[in-house]
Amino acid sequence: MKLVVDTTIARSAGTKDASNPVASAARDTLLQVRDTSSIYLVWTKDVAAEWNKHATLIAMQVVADLKSRGRLHHCKPMRHNALRKVIKEVDSGTELMLKDIFLVEAALETDDRIIALDDQARWHFAKLSDAFPLLQRVHWINPVRDDLRSWIAVGCISNEDCVPPGGVEARVFLEAVG
């Protein structure tokens, strides 16, 4: 399975002594990716640039481990100009989605999976899934909110904790975050 792991995970990953739940979840995510031999980390030019700018030491150690094991999946994703056009036409979330479009493009080029701490980007993309149905393939998981360990154990198949974009969940979330 090829997973796109957002920089929110890389920059939040704490040490083994971290008591902050976000830092612990981010670290545990990276370690689980590293320790699950069937998982490859998607590594694009944009992902690498973001990680090199923001990643913690433990995150870069995981990248080095995955590279030495041949588990970095280098790719050059297709630019989805039609999606970019749709994003520019929406009323809210445009900047956020354009900032993270490279994650979606990388996911669409690989196995349609993104791990990120940013639920707002997730749900803004979800809102677009009716206008751009290709987005319905992309599954996001937030390791602070969702059960990452179980998700990986079942082969990163979506479940009720990791819903694909769209539907009532997106509307409820968007109303809650304004």
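Above this text you will find the structure in question.
The structure presented is a predicted model; accordingly, all values stated were derived computationally and were not measured. (Residues numbered from 1 in each chain as written. Predicted model: local features only at pLDDT ≥ 70, side-chain atom pairs only at ≥ 80, totals over all residues. Heavy atoms only, no water.)

1. Here we look at the overall build of the protein chain
Right, so step 1: Of regular secondary structure, the protein chain possesses nine helices and five strands.
Right, so step 2: Ordered by position from N to C terminus, the α and β elements of the protein chain give β-α-α-β-α-α-β-α-α-β-α-β-α-α.
Right, so step 3: The buried share of the protein chain, taken over its 178 residues, is 51%.
Right, so step 4: Relative to all contacts within the protein chain whose residues are 6 or more apart in sequence, the contacts with residues 24 or more apart total 72%.
Right, so step 5: Total accessible area on the protein chain stands at roughly 8,800 Å², and carbon and sulfur atoms take up 50% of it. (Helix = DSSP H or I, 4+ residues; strand = E, 2+ residues; numbered from the N terminus. Buried < 20%, exposed > 50% of the residue type's maximum accessible area, 1.4 Å probe, protein only. Contact = heavy atoms within 4.5 Å. Areas by Shrake-Rupley, 256 points an atom, 1.4 Å probe, with all protein chains shown as cover.)

2. Observations concerning helix α2 (residues 21-35)
Right, so step 1: When the terminal C-alpha atoms of α2 are compared, their 20 Å separation across 15 residues agrees well with the 21 Å that a helix rising 1.5 Å per residue should span.
Right, so step 2: Looking only at α2, the buried set comprises Ala23, Ser24, Ala25, Ala26, Arg27, Thr29, Leu30, Gln32 and Val33.
Right, so step 3: Summarising the contacts, the buried residues of α2 are in contact with β1 (2-5), α1 (7-12), α3 (45-54), α4 (57-68), β4 (113-115) and α8 (148-153).
Right, so step 4: Capping the start of α2, Asn20 holds a side-chain oxygen 2.7 Å from the backbone nitrogen of Val22, two or three residues further along. (Expected span 1.5 Å × (residues − 1). Polar contact = N/O pair within 3.5 Å; in protein donor to acceptor, adjacent residues only side chain to side chain.)

3. Here's the deal with the nonpolar core
Right, so step 1: Judged by nonpolar contacts, the single largest core of 49 residues is most densely connected at Trp51, Val104, Ile114 and Ile115.
Right, so step 2: In terms of residue count, the dominant contributor to this core is helix α6 (residues 94-109) (eight residues). (Core = buried A, V, L, I, M, F, W, Y, C linked by side-chain atoms within 4.5 Å.)

4. Some points on the pairing of strand β2 (residues 40-43)
Right, so step 1: Of the pairings in the sheet, the one linking β1 to β2 comprises two bridges and is parallel in character. Looking across to β2, one finds that Leu3 is bridged to Leu41. (Pairing = 2+ DSSP bridges.)

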